[in-house]
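Now for the letters of each chain:
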Amino acid sequence: MAEADAAAAAAKDAQLKDLRTLFTAPEMLTEDGEINQEYFRPKRALHRNQEWSESDDDLLLQGIAQYGVGEWKLISDELLPLWEPYELRDHAARLFGHFKVTETYKGWKVERDIVEKEYAKNKEEAMAEGMWHPKLKMRMPVSVPFQKP
């Protein structure tokens, strides 16, 4: 009985490999027809040697004042072409001190002084609630267990 089960399982595996080969893009499979796990791993962004400069901060804040929070692609295209839109969003989150910068401040067109006030407010509130991430210097969406006031 066990031999019959093993033979049936082997036949099913062979049939699955044949179907995979027919209906799956070649780069998604290994040479023997198995699923290529590397294909599905998240691609890491290239580590860049470039650091944020004060002029980058100034341009990002200019873009926020001109185009509004959330317009990362437009700000990237117009003012900071060396930075990807997601990098602008991430850096703006640090400037505002809030992890959910786009959701919280969507459309805001504000100058540096307002951004600095929001950072101070977010830090104070998040510290009191145990939601401030000291390394990232921003409010997190859930409490940060290792941060004790």
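Provided above is the structure to which this section pertains.
Parameters and conventions
In this convention, every chain numbers its residues from 1, walking through the sequence in written order. In keeping with the predicted nature of the model, local features appear solely for residues at pLDDT of at least 70, side-chain atom pairs appear and are counted solely at 80 or more, and the whole-chain, interface and lining totals rest on all residues. Note that the side-chain values use all heavy atoms of the structure and ignore hydrogens as well as water. Strands here mean DSSP runs of E at least two residues long; helices mean DSSP runs of H or I at least four residues long; both are numbered from the N terminus. In a helix, the anticipated span is given by 1.5 Å times the number of residues less one. Put simply, a salt bridge is a Lys or Arg side-chain nitrogen that is within 4 Å of an Asp or Glu carboxyl oxygen. Exposure categories follow from relative accessible area, calculated using a 1.4 Å probe and restricted to protein chains: below 20% of the type maximum is buried, above 50% is exposed, and the middle band is partly exposed. A patch consists of residues whose relative accessible area exceeds 30% and which take part in no salt bridge; residues with like charges are grouped when within 9 Å of each other, and nonpolar side chains (Val, Leu, Ile, Met, Phe, Trp, Tyr) when within 5 Å. Note on areas: these come from Shrake-Rupley sampling with a 1.4 Å probe, and a residue is covered only by the protein chains present in the view.

### Notes on helix H3 (residues 54-67)
A turn of α-helix holds 3.6 residues, and therefore any two residues three or four places apart point the same way.
Right, on to step 1. The end-to-end C-alpha distance of H3 is 20 Å, a good match for the 20 Å that 14 residues give at a rise of 1.5 Å each.
Right, on to step 2. Phi turns positive, to about 100°, at Gly 68, one or two residues after H3.

### Focus: the pattern of salt bridges
Right, on to step 1. Evaluation of the coordinates by the stated rule reveals seven salt bridges.
Right, on to step 2. As a salt-bridge pair, Glu 118 and Lys 121 come within 3.5 Å of each other at their nearest N and O atoms. Note that Glu 118 and Lys 121 are positioned in helix H7 (residues 112-129) at a spacing of three residues, about one turn of the helix.
Right, on to step 3. Glu 118 sits in the buried class, given a relative accessible area of 12%.
Right, on to step 4. Taking relative accessible area as the criterion, Lys 121 reaches 35% and is therefore assigned partly exposed.
Right, on to step 5. Of the charged contacts in the structure, one is a salt bridge between Arg 139 and Glu 129, with a shortest N-O distance of 2.4 Å. Of this pair, Arg 139 sits in strand E2 (residues 138-139) while Glu 129 sits in helix H7; the two residues are 10 residues apart in sequence, bridging distant segments of the chain.
Right, on to step 6. Residue classification places Arg 139 among the buried residues on the basis of a relative accessible area of 12%.
Right, on to step 7. Among the charged side chains, a salt-bridge network with shared partners connects Glu 125, Glu 129 and Arg 139.

### Description of a nonpolar patch on the surface
Right, on to step 1. Taken together, the side chains of Leu 16, Leu 19, Leu 22 and Phe 23 present a nonpolar region at the surface, about 450 Å² in accessible area.
Right, on to step 2. Topologically, Leu 16 is positioned in helix H1 (residues 2-23).
Right, on to step 3. Classification of Leu 16 by relative accessible area gives partly exposed; the value is 37%.

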